[in-house]
Amino acid sequence: MNKGALTLLVSLIIFIPIGIYFWVWDYYAINIPKWDDHALKAFIVEYVHAGTWQGKLKAIFKQHNEHRIALDRFFSMLDFSVFGKLNYRHLMLIGNLLLLGIIPLWYVLLKNNKKPLFALVPISFIWLTLAFWENMYWGMAAIQNFGVITLLLWTLYLCVHPKPLLFILSLVLALLTISTSGNGLLVFPVGAVMLFLSGDRKRLTAWCFLSLAGILGYFWTYTKPETNPDSKASIFQLAKGYMAFLGSFAESIPVKDHFGACVFMGIFLFLVAVSIASATLFRLSTKKYAVKFEKITDLFCFGTILFILGTAVIVVYSRAGFGLEGLITSRYKIYSVLLLMVAYLYVVIPIRGSFLSPYITAIVSLAITFNVFSYHYHLVDASNLRKDMTTMQFNWTYTDKSLTAPSDTSFAARIVQKTPVFYEKWLPLIAIADRQSYAGNSRALTELYAGTSFEKSSKSLLVKNTGLISQRLQDSGIYILLSSDKRFYVFPTHRSRNNNRKELFLKQYYFAPGFYADIPFAALEKGNYKVAIIRQQGDETGILFKNDKITVDNVTQNKVKVNW
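Residues numbered from 1 in each chain as written. Predicted model: local features only at pLDDT ≥ 70, side-chain atom pairs only at ≥ 80, totals over all residues. Heavy atoms only, no water.

1. Focus on the overall build of the protein chain
Phase 1 of the analysis: Within the protein chain one finds 20 helices and 10 strands.
Phase 2 of the analysis: For 564 residues, the compact-globule estimate of 2.2 N^0.38 gives 24 Å, and the protein chain sits close to it at 26 Å.
Phase 3 of the analysis: Taking the principal axes of the C-alpha coordinates as reference, the protein chain spans close to 80 × 60 × 50 Å.
Phase 4 of the analysis: Counting only residues that meet the buried cut, the protein chain has 52% of its 564 residues in that class.
Phase 5 of the analysis: Across the protein chain, the fraction of contacts at a sequence separation of at least 24, relative to all contacts at a separation of at least 6, is 77%.
Phase 6 of the analysis: Carbon and sulfur atoms form 63% of the exposed surface of the protein chain, whose accessible area is close to 26,400 Å².
Phase 7 of the analysis: Treating the 56 positive side-chain charges of the protein chain as one cloud and the 33 negative ones as another, the clouds have centres 8 Å apart. (Helix = DSSP H or I, 4+ residues; strand = E, 2+ residues; numbered from the N terminus. Rg over C-alpha atoms; globule rule 2.2 N^0.38 Å. Buried < 20%, exposed > 50% of the residue type's maximum accessible area, 1.4 Å probe, protein only. Contact = heavy atoms within 4.5 Å. Areas by Shrake-Rupley, 256 points an atom, 1.4 Å probe, with all protein chains shown as cover. Lys, Arg positive; Asp, Glu negative; His and termini not counted. Charge placed at Lys NZ, Arg CZ, Asp CG, Glu CD.)

This is the structure in structure tokens:
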């Protein structure tokens, strides 16, 4: 095979996980705002009605929780200006495209260290997986959490690049980085350390002046948010959480103790990171470099490690109050995977000669395995999230038994693009079932209902079934319908992961038998409710009420304080 054909083949292999990633994203992404996404609609209202350019700038850089999210706001306003409506799928797509920006950076690092294109293959499979599902399907978070990583890493690389114009570009990117997310502020101390170690005092001086200006600008009018509970974890628990954060990529490995696997791999990666940092400092002190780019690579990797370890400290300290399990959640896994990719550089770059291809081939096999594990493990999360989003929209849209959306012609109500949702075809069926107990064309609803338990606790309705066997994806599944004299509510049931490895990997049975739901009374108005099951099975829908009823009294809901 000639060189051109081989390059084309390797390029196609690199694009395989990219194609799979965006295909899976497209399958589950839906134009429904999640939590903080609603703040972007409020921003557009404020921006459009701002009478001066000063007011518009203030709206863009206004504090959001502990962050400045100017990049989110810029793309939101751009989307609204171009399409006349705000579409959260567009924001998700932009964020996921920003995530791709890491791959060309690793390409540059490997190429300038005389490595073949084949060495980039593992990066594509490691970096683009469903492990990042929460950020993937959340408009604001996709741009913020993916964008800050890409911008910061490119900034660190460019600030030590010998070309002056690229250093100037890094100064601009640094300001954009801190305007994307709060942990982007780490770019200043990390970049300063890198420039100090590089020995370039002129650049260090310019960087320090920019850092001072950037930090002062960031904290101008800043107020401390009151969103995070105080942590009661011990030093040992915090250390355990720290290691779990660093090793959170390992959650998808098919073992019984997923948190323990994350802690173990976190300890391993922490030791690897310390080893890499120590070796880098030694080489920088002795100045033993055959070519200049080896020094740039060392400085970049050292800075990236500082950023990851520093972010881990911030997250563990600020989020441990929510519980240690939350430290391995999807939105934080990107830092663990990034640390894994830095370790990969230090495995591959020193290898020379005929040993290189076998090493990379072995790593490609491991990367593909990790990719497969991630999709199989987190597909359940993506499926459950989509159901959460669609039912939340149903409940805030239909607020009485007429099942018609309230007429609102205000500017704010017309900002978000209306997207057809599958539950719209339920509306006539819900009204029929509410009158005569059953509606639709789905079979075996009586048996399904009989196998489902409804238990009222002090704060919620607990629903459980252990017999349903279904592997249908996207919107198919079981939903709970509650009907009072005033209105309807729909809540999703969730599926559990299939822990049977043989069924999971050989038969593609992602879901364990059964389903469950925990419906908080705080999400309901006071009243008496009839309980029904909705079964969506492909194009078939069935709704069945039986004799189960619940009474909901006034329940106080703990509201999180926000500054937006």
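2. Quick look at the pairing of strand 7 (residues 488–492)
Phase 1 of the analysis: Most of strand 7 sits out of view: five of its five residues are buried.
Phase 2 of the analysis: Side chains Phe488, Val490 and Pro492 of strand 7 all project onto a buried face; the interleaved residues Tyr489 and Phe491 project onto the opposite face, where all are buried too.
Phase 3 of the analysis: In this sheet, strand 7 lies alongside strand 6 (residues 477–483) in antiparallel orientation, the contact comprising five bridges. Within strand 7, the position partnered with Tyr479 by the bridge is Pro492.
Phase 4 of the analysis: The antiparallel pairing of strand 6 with strand 7 creates a hairpin that spans four residues between the two strands. (Pairing = 2+ DSSP bridges.)

3. Considerations on the sheet that holds strand 9 (residues 527–537)
Phase 1 of the analysis: Across the sheet, five strands lie side by side as 3-10-9-6-7; this open sheet has antiparallel pairing. This sheet does not close on itself; its edge strands, each paired only once, are strand 3 (438–440) and strand 7. Strand-to-strand twist of the sheet, defined as the mean angle between neighbouring strand axes without regard to direction, takes the value 25°.
Phase 2 of the analysis: Of the strand pairs in this sheet, strand 6 and strand 9 are connected by seven bridges, and their pairing is antiparallel. Paired with Ile480 across the strands is Ile533, a residue of strand 9.
Phase 3 of the analysis: On top of the sheet, helix 17 (residues 356–397) reaches strand 6 and strand 7; it is set at about 175° to strand 7, its chief contact.
Phase 4 of the analysis: The strands that helix 18 (residues 427–436) touches are strand 3, strand 6, strand 7, strand 9 and strand 10 (540–552); relative to strand 3, the one it contacts most, it runs at about 155°. (Axes fitted to C-alpha atoms, helices over the stretch in contact; angles between N-to-C directions.)

4. Brief notes about the side chain of Ser483
Phase 1 of the analysis: As for its placement among the helices and strands, Ser483 is situated in strand 6.
Phase 2 of the analysis: Taking the relative accessible area as the measure of exposure, Ser483 reaches 2% and is therefore buried.
Phase 3 of the analysis: In terms of polar contacts, Ser483 uses its side chain to reach the side chain of Asp434, at 2.7 Å.
Phase 4 of the analysis: Those residues within four positions of Ser483 in sequence are excluded, and the remaining contacts are Lys401, Asp434, Phe488, Asn528, Tyr529, Lys530 and Phe545. (Polar contact = N/O pair within 3.5 Å; in protein donor to acceptor, adjacent residues only side chain to side chain.)

5. Observations regarding the nonpolar core
General note: in soluble globular proteins, nonpolar side chains tend to be found buried as a group.
Phase 1 of the analysis: Of all hydrophobic cores here, the largest spans 143 residues; its most connected members are Trp106, Trp127, Tyr137, Ile149, Leu153 and Trp207.
Phase 2 of the analysis: In terms of residues, this core owes the most to one element, helix 9 (residues 139–159), which gives 14 residues.
Phase 3 of the analysis: Setting aside residues no more than four positions away along its own chain, Tyr137 makes contact with Val24, Trp25, Tyr28, Ala29, Met92, Leu130, Ala382 and Leu385.
Phase 4 of the analysis: If you look at the next biggest cluster of nonpolar residues, it comprises 23 residues, including Leu461, Val463, Ile478 and Phe515. (Core = buried A, V, L, I, M, F, W, Y, C linked by side-chain atoms within 4.5 Å.)

6. Here's the deal with the state of the cysteines
Phase 1 of the analysis: Evaluated as defined, the whole model comprises zero disulfides.
Phase 2 of the analysis: Free cysteine Cys159: the closest other cysteine sulfur is in Cys208, separated by 11 Å.
Phase 3 of the analysis: Assessed through its relative accessible area of 0%, Cys159 is described here as buried. (Disulfide = S-S within 2.5 Å.)

7. Concerning the sheet that holds strand 8 (residues 515–520)
Phase 1 of the analysis: Pairing is antiparallel across the open sheet formed by three strands, whose spatial order is 4-5-8. Of all the strands in the sheet, the pair left with one neighbour each is strand 4 (452–456) and strand 8. Adjacent strand axes in the sheet meet at a mean angle of 10° when their direction is disregarded.
Phase 2 of the analysis: As paired elements, strand 5 (residues 460–465) and strand 8 share six bridges and run antiparallel to each other. Residue Lys464 lies in a different strand from strand 8, and its bridge partner there is Tyr516.

8. What about the pattern of salt bridges?
Phase 1 of the analysis: The full count for this structure, using the stated rule, is 13 salt bridges.
Phase 2 of the analysis: A salt bridge links Lys62 to Glu46, with the nearest nitrogen and oxygen atoms 3.7 Å apart. Residue Lys62 is located in the loop between helix 3 (53–61) and strand 1 (63–64), and its partner Glu46 is located in helix 2 (residues 37–49); the two are separated by 16 residues in the primary sequence.
Phase 3 of the analysis: Arg331 serves as the salt-bridge partner of Glu134, at 2.8 Å between the closest nitrogen and oxygen. Of this pair, Glu134 sits in helix 8 (residues 133–136) while Arg331 sits in the loop between helix 15 (292–319) and helix 16 (333–348), and the two are 197 residues apart along the sequence. (Salt bridge = Lys/Arg side-chain N within 4 Å of Asp/Glu carboxyl O.)

9. Details of the packing of aromatic side chains
Phase 1 of the analysis: The tally for this structure, following the rule as stated, stands at 34 aromatic pairs.
Phase 2 of the analysis: Judged by centre distance (5.7 Å) and plane angle (50°), the ring pair of Phe43 and Tyr47 falls under tilted. Taken together, the residues Phe43 and Tyr47, both in helix 2 and four residues apart, mark about one turn of the helix.
Phase 3 of the analysis: The class of Phe43 is buried, set by a relative accessible area of 3%.
Phase 4 of the analysis: When the centroid spacing of 6.0 Å and the interplanar angle of 65° are considered together, the rings of Phe422 and Tyr423 count as edge-to-face.
Phase 5 of the analysis: On the accessibility criterion, Phe422 (17% relative accessible area) is buried.
Phase 6 of the analysis: Judged by relative accessible area, Tyr423 falls into the buried class, the value being 4%.
Phase 7 of the analysis: The ring of Trp35 is capped by Lys34, whose NZ or CZ atom sits 4.7 Å from the centre of that ring. (Phe/Tyr/Trp six-rings, centres within 6.5 Å; stacked < 30°, edge-to-face > 60°. Lys NZ or Arg CZ within 6 Å of the ring centre and 35° of its normal.)

10. Considering helix 13 (residues 235–246)
Phase 1 of the analysis: With 12 residues, helix 13 should cover 16 Å at 1.5 Å per step; its first-to-last C-alpha distance of 17 Å lies within 8% of that length.
Phase 2 of the analysis: Those residues of helix 13 that are buried are in contact with helix 14 (258–286), helix 15 and helix 16. (Expected span 1.5 Å × (residues − 1).)

11. Details of unusual backbone geometry
Phase 1 of the analysis: Phi angles above zero are rare outside glycine, and Thr221 is one such case at about 65°.
Phase 2 of the analysis: Taking relative accessible area as the criterion, Thr221 reaches 59% and is therefore assigned exposed.

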